[in-house]
Amino acid sequence: KDAKAGPLTREEVGRATWMLLHTIAAQFPDEPTRQQKRDAKELMAIISRLYPCKECAGHFKEVLKANPVQAGSQAEFSQWLCYVHNVVNRSLGKPIFPCQRVNARWGEMKRKMKMKRLPLLVLLV
Ligand code: FAD
């Protein structure tokens, strides 16, 4: 079934990317190391260069220039990401997301699959 699905639309890629980014920001450490702060900045810079919709990438580069990445803590990074996502939302005429709700929306990653039952053999060892 998946093999027949074909390439993604711009909207699907956008939604999947925002989902990944907000989930990363939600799991970002409260006290990141220098390397983690650098990684967050690099991730956003790489997205602004390699994002598969050229027009979006160009637009996002400008957004980043006007709003440099803030990744001093989990709260700072997720609020910053919410803000820049809203800049994109505004330019597309989409509703503005209330950033005080960002942790409720993206905070805890849910486990959809139930834990598989351990094989009996393992229990007997
Ligand atoms: P999305 O905007 O994809 O959002 C997904 C979900 O995130 C929403 O359902 C909502 O629950 C939540 N959400 C919404 N806003 C916020 C927020 N501020 N903070 C936290 N959570 C939020 N498309 C273009 O046509 N032109 C562009 O220039 C363009 N630039 C883009 C740049 C980047 C970096 C990315 C990742 C995407 C870009 N897109 C662009 C795609 C666009 O932003 C949307 O992803 C796409 O239109 C699908 O929109 P959607 O309504 O499904 O919700």
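Counting from 1, residues in each chain are numbered in the order their sequence is written. Under the rules for a predicted model, residues below a pLDDT of 70 receive no local features and side-chain atom pairs below 80 are neither given nor counted, while totals for whole chains, interfaces and linings still include all residues.

Q: With reference to specific residues and values, describe the overall build of the protein.
A: Secondary structure is summarised from DSSP: a helix means a run of H or I of at least four residues, a strand means a run of E of at least two, and numbering begins at the N terminus for each. Broken down by element type, the protein carries six helices and zero strands. Counting from the amino terminus, helix and strand elements in the protein follow one another as α-α-α-α-α-α. A total of 125 residues make up the protein; the buried ones form 10% of that total. Contact between two residues is assigned when their C-beta atoms, built from the backbone, lie within 7 Å. Here the contacts in the protein between residues at least 6 apart in sequence split such that 54% fall between residues at least 24 apart. A residue is called partly exposed when the number of other C-beta atoms within 10 Å of its own lies between 12 and 20, exposed at 12 or fewer, and buried at 20 or more, with C-beta atoms placed from the backbone.

Q: If you had to explain the site of the ligand to someone new, which residues and values would you point to?
A: Around the ligand, a shell composed of 23 residues is seen, among which Gly14, Cys56, Cys82, His85 and Phe97 lie nearest. Elements with a contribution of two residues or more to the shell around the ligand: helix H1 (10-27), helix H3 (54-66), helix H4 (74-91) and helix H5 (102-106). By residue number, the principal contributor to the shell around the ligand is H1, which donates seven residues. Think of it as three bins: nonpolar holds Ala, Val, Leu, Ile, Met, Phe, Trp, Tyr, Cys and Pro, charged holds Asp, Glu, Lys and Arg, and polar takes everything else, Gly as well. Of the residues contributing to the shell around the ligand, the split by class is 10 nonpolar, seven polar and six charged. The rule is simple: place the C-beta atom from the backbone, and if it lies within 6 Å of a molecule or strand, the residue is near it.

Q: Lay out the nonpolar core in plain terms, naming residues and giving numbers.
A: We call a set of buried Ala, Val, Leu, Ile, Met, Phe, Trp, Tyr and Cys residues a nonpolar core when their C-beta atoms link them within 7 Å. Ranked by size, the top nonpolar core spans 12 residues in total: Leu21, Ala25, Phe28, Ala40, Met44, Ala71, Phe77, Trp80, Leu81, Cys82, Val102 and Trp106. The dominant element in this core, judged by the number of residues it contributes, is H4, at four residues. Not counting residues up to four positions away in its chain, the partners in contact with Phe28 are Ala40, Ala71, Gln74, Phe77 and Ser78.

Q: So what about the packing of H1 against H4? Which residues, and what values?
A: To get an axis, a line is fitted to the C-alpha atoms, and for a helix only the part in contact is used. The angle between two axes follows their N-to-C directions and goes from 0 to 180 degrees. Running from N to C, H1 and H4 point in directions that differ by 155 degrees, and their axes come no closer than 8 Å. Considering their axes alone, H1 and H4 lie roughly antiparallel with respect to each other. Considering the relative orientation of H1 and H4, their crossing is left-handed. Across the interface between the two elements, Trp18, Leu21, His22, Ala25 and Ala26 from H1 touch Phe77, Ser78, Leu81 and His85 from H4. The class makeup of the residues in the contact of H1 with H4 is six nonpolar, three polar and no charged. By the definition adopted for this analysis, an angle is roughly parallel if under 35 degrees, roughly antiparallel if over 145, roughly perpendicular if from 65 to 115, and oblique otherwise. Take the far helix as your reference; a near helix turned counterclockwise from it by less than a right angle gives a left-handed crossing, and one turned clockwise gives a right-handed crossing.

Q: Quick rundown of H4? Include the residues and the values.
A: Between the first and last residue of a helix there are one fewer steps than residues, each counted as 1.5 Å, and that sum is the expected span. Between its first and last C-alpha atoms H4 spans 26 Å; for 18 residues at 1.5 Å apiece the expected length is 26 Å, and the two agree. Of all the positions in H4, only Phe77, Ser78, Trp80, Leu81 and Cys82 are classed as buried. In the stretch just after H4, Gly93 is the one whose phi turns positive, near 75 degrees.

Q: Report on the packing of helix H2 (residues 34-50) against H3, specifying residues and quantitative values.
A: Following both chains from N to C, one finds H2 and H3 inclined at 145 degrees, their axes separated by 7 Å at the closest point. Of the residues in H3, those touching H2 at Met44, Ile47, Ser48 and Arg49 are Ala57, Phe60, Lys61 and Leu64. The class makeup of the residues in the contact of H2 with H3 is five nonpolar, one polar and two charged.

Q: How would you explain the environment of Gly6 if you had to name every residue and give the values?
A: Relative to the elements of secondary structure, Gly6 occurs in the segment before H1. For Gly6, a count of 7 C-beta atoms within 10 Å corresponds to the exposed category. C-alpha of Gly6 to C-alpha of Val102: the two residues are 96 residues apart in sequence and 32 Å apart in space.

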